[in-house]
Amino acid sequence: MLAPLVPFSLRGVIWYQGENNSEDRLYLEKMTALISEWRDAFRNPNLPFYFVQLAAWEKSNLNPAGGGWGMIRDLQRQCLAISHTGMAVTIDIGDANDIHPKNKKDVGERLALWALQSEYGLEKLEVSGPLFQETSIEDGKIRVHFTHANGGLITGKKQGTQPVSRTPENNPKGFAIAGDDRKWCWADAVIDGETVLLSSAQVPHPKAVRYAYASNPEDANLYNKAGLPASPFRTDDW
């Protein structure tokens with residue numbers, strides 16, 4: 001299907017796919033190969049490739065260990081390590097009953113941010129919600145550091161195509177932590193500037209973090225001040 005287009009030049013690519021690969025642990029490797037092949041075919045080693053992380057779907061999972069589409073979303077996040085790529089997070093605009101959610105307006109606008117900044121020179125635009133960077137351990141707690149958190153983090157709520165509304169609480173939902181025993185527990189989370197500090201009385205020595213790690217983590221509510229949602233992620237390889 002793509003081959004007939006190869007003689008033409010492209011300014012960039014947008015990609016909205018992943019359901020059939022939801023259990024594919026080689027997703028990162030396959031996407032790396034696909035993007036490389038397309039760049040070779042179109043003779044553009046820096047061909048922009050912007051993709052959509054899978055939106056929320058199915059009933060909410062109350063297990064702190066998560067599962068479902070959590071893994072594929074984390075692998076999609078890791079695809080940002082490929083040069084000249086960008087990702088639109090859509091965890092807050094899905095539909096539990098429809099694998100093809102109707103809100104494409106926000107999807108398009110979030111993809112457009114990447115193109116406007118990288119290809120059209122609007123360098124001051126914020127293109128992404130908070131992305132996991134690293135963790136640090138502090139007296140029985142674990143601190144999560146993010147990129148794309150300039151100016152601090154907030155909790156928010158998204159209704160339809162309306163802009164994200166800021167909520168008054170300072171306690172993000174959807175974080176789980178585990179120690180060496182690999183038993184996941186919901187974490188008490190507090191925003192501290194551009195980081196989130198996590199703890200649980202059941203996990204005195206936390207080692208790993210998961211956020212929004214389920215097919216439909218409907219309680220996930222972490223945003224940056226640009227109103228863009230944090231990407232689901234995990235720090236473990238269990």
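Residues numbered from 1 in each chain as written. Predicted model: local features only at pLDDT ≥ 70, side-chain atom pairs only at ≥ 80, totals over all residues. Heavy atoms only, no water.

J.: Please provide a residue-by-residue account of the overall build of the protein chain, values included.
T.: Per the secondary structure count, the protein chain includes 3 helices and 14 strands. Here the C-alpha atoms of the protein chain give a radius of gyration of 18 Å, agreeing with the 18 Å that 2.2 N^0.38 yields for 238 residues. The contacts in the protein chain between residues at least 6 apart in sequence include a share of 67% that link residues at least 24 apart. About 12,300 Å² of surface is accessible on the protein chain, with carbon and sulfur atoms providing 51% of the total. The centroid of the 25 positive side-chain charges in the protein chain is displaced by 2 Å from the centroid of its 29 negative side-chain charges. (Helix = DSSP H or I, 4+ residues; strand = E, 2+ residues; numbered from the N terminus. Rg over C-alpha atoms; globule rule 2.2 N^0.38 Å. Contact = heavy atoms within 4.5 Å. Areas by Shrake-Rupley, 256 points an atom, 1.4 Å probe, with all protein chains shown as cover. Lys, Arg positive; Asp, Glu negative; His and termini not counted. Charge placed at Lys NZ, Arg CZ, Asp CG, Glu CD.)

J.: Please give an account of unusual backbone geometry that cites residues and values.
T.: Unlike most non-glycine residues, His 84 shows phi in positive territory, near 55°. For His 84, the location among the structural elements is in the loop between helix H2 (70-78) and strand E3 (85-88). For His 84, a relative accessible area of 42% translates into the label partly exposed. (Buried < 20%, exposed > 50% of the residue type's maximum accessible area, 1.4 Å probe, protein only.)

J.: Go over helix H3 (residues 105-118), please, and point to the residues and values.
T.: Counted at 1.5 Å a residue, the expected span for H3 with its 14 residues is 20 Å, and the 20 Å between its end C-alpha atoms agrees. Taken residue by residue, H3 has Asp 106, Val 107, Arg 110, Leu 111, Leu 113, Trp 114 and Ala 115 as its buried positions. The inward-facing, buried residues of H3 contact strand E1 (13-15), strand E2 (49-52) and E3. (Expected span 1.5 Å × (residues − 1).)

J.: How would you explain empty space enclosed by the protein if you had to name every residue and give the values?
T.: Applying the stated rule across the entire model yields 2 cavities of 30 Å³ or more. Computed from the structure, the largest cavity encloses a volume of approximately 100 Å³. Around the largest cavity sit 15 residues that line it, and Gly 174, Trp 186, Ala 212, Tyr 213 and Ala 214 are the ones nearest its centre. Among the residues making up the lining of the largest cavity, the classes are represented as 9 nonpolar, 4 polar and 2 charged. In this structure, the second largest cavity occupies an estimated 40 Å³ of space. Residue classes in the lining of the second largest cavity are distributed as 6 nonpolar, 2 polar and 1 charged. (1 Å grid on protein atoms, 1.4 Å probe; cavity = no way out; pocket = protein on both sides within 12 Å on 5 of 7 lines; lining within 4 Å. Points joined across faces, edges and corners; volume = space filled by probe spheres on them. Nonpolar A, V, L, I, M, F, W, Y, C, P; charged D, E, K, R; others polar.)

J.: Please give an account of the layout of surface pockets that cites residues and values.
T.: Taken as a whole, the largest pocket holds about 410 Å³ of empty space. Taken together, 22 residues form the lining of the largest pocket, with Ile 91, Asp 92, Ile 93, Lys 158 and Glu 218 sitting closest to its centre. For the lining of the largest pocket, a count of residues per class yields 7 nonpolar, 8 polar and 7 charged. Approximately 230 Å³ is the volume found for the second largest pocket. Around the second largest pocket, the lining is made up of 14 residues, and of these Asp 106, Glu 109, Ala 226, Gly 227 and Leu 228 lie nearest the centre. Classifying every residue of the lining of the second largest pocket gives 5 nonpolar, 3 polar and 6 charged.

J.: Give me the environment of Tyr 211: which residues, what numbers.
T.: The topology assignment puts Tyr 211 in strand E12 (residues 208-211). Judged by its relative accessible area of 1%, Tyr 211 is buried. Between the alpha carbons of Tyr 211 and Gly 66 there is a distance of 8.8 Å; along the sequence they are 145 residues apart. Residue contacts for Tyr 211: discarding those within four places in its chain leaves Lys 173, Gly 174, Phe 175, Ala 220, Asn 221, Leu 222, Ala 230, Ser 231, Pro 232 and Phe 233. Looking at Tyr 211, its side chain comes within polar contact range of the main-chain nitrogen of Leu 222, at 3.2 Å. (Polar contact = N/O pair within 3.5 Å; in protein donor to acceptor, adjacent residues only side chain to side chain.)

J.: Could you give me a rundown of the packing of aromatic side chains, with the residues and numbers involved?
T.: All chains considered together, the criterion is met by 11 aromatic pairs. A ring pair is formed by Phe 175 and Tyr 211, whose centres lie 4.5 Å apart and whose planes are at 35°; its orientation type is tilted. In this pair, Phe 175 is assigned in strand E8 (residues 175-178) and Tyr 211 in strand E12, connecting sequence segments 36 residues apart. For the residue pair Phe 175 and Tyr 211, the accessibility class agrees, reading buried in each case. Measuring from ring centre to ring centre gives 6.1 Å for Tyr 211 and Phe 233, while their planes differ by 35°; the resulting arrangement is tilted. Residue Tyr 211 is located in strand E12, and its partner Phe 233 is located in strand E14 (residues 233-234); the two are separated by 22 residues in the primary sequence. Both residues of the pair, Tyr 211 and Phe 233, belong to the buried class. (Phe/Tyr/Trp six-rings, centres within 6.5 Å; stacked < 30°, edge-to-face > 60°.)

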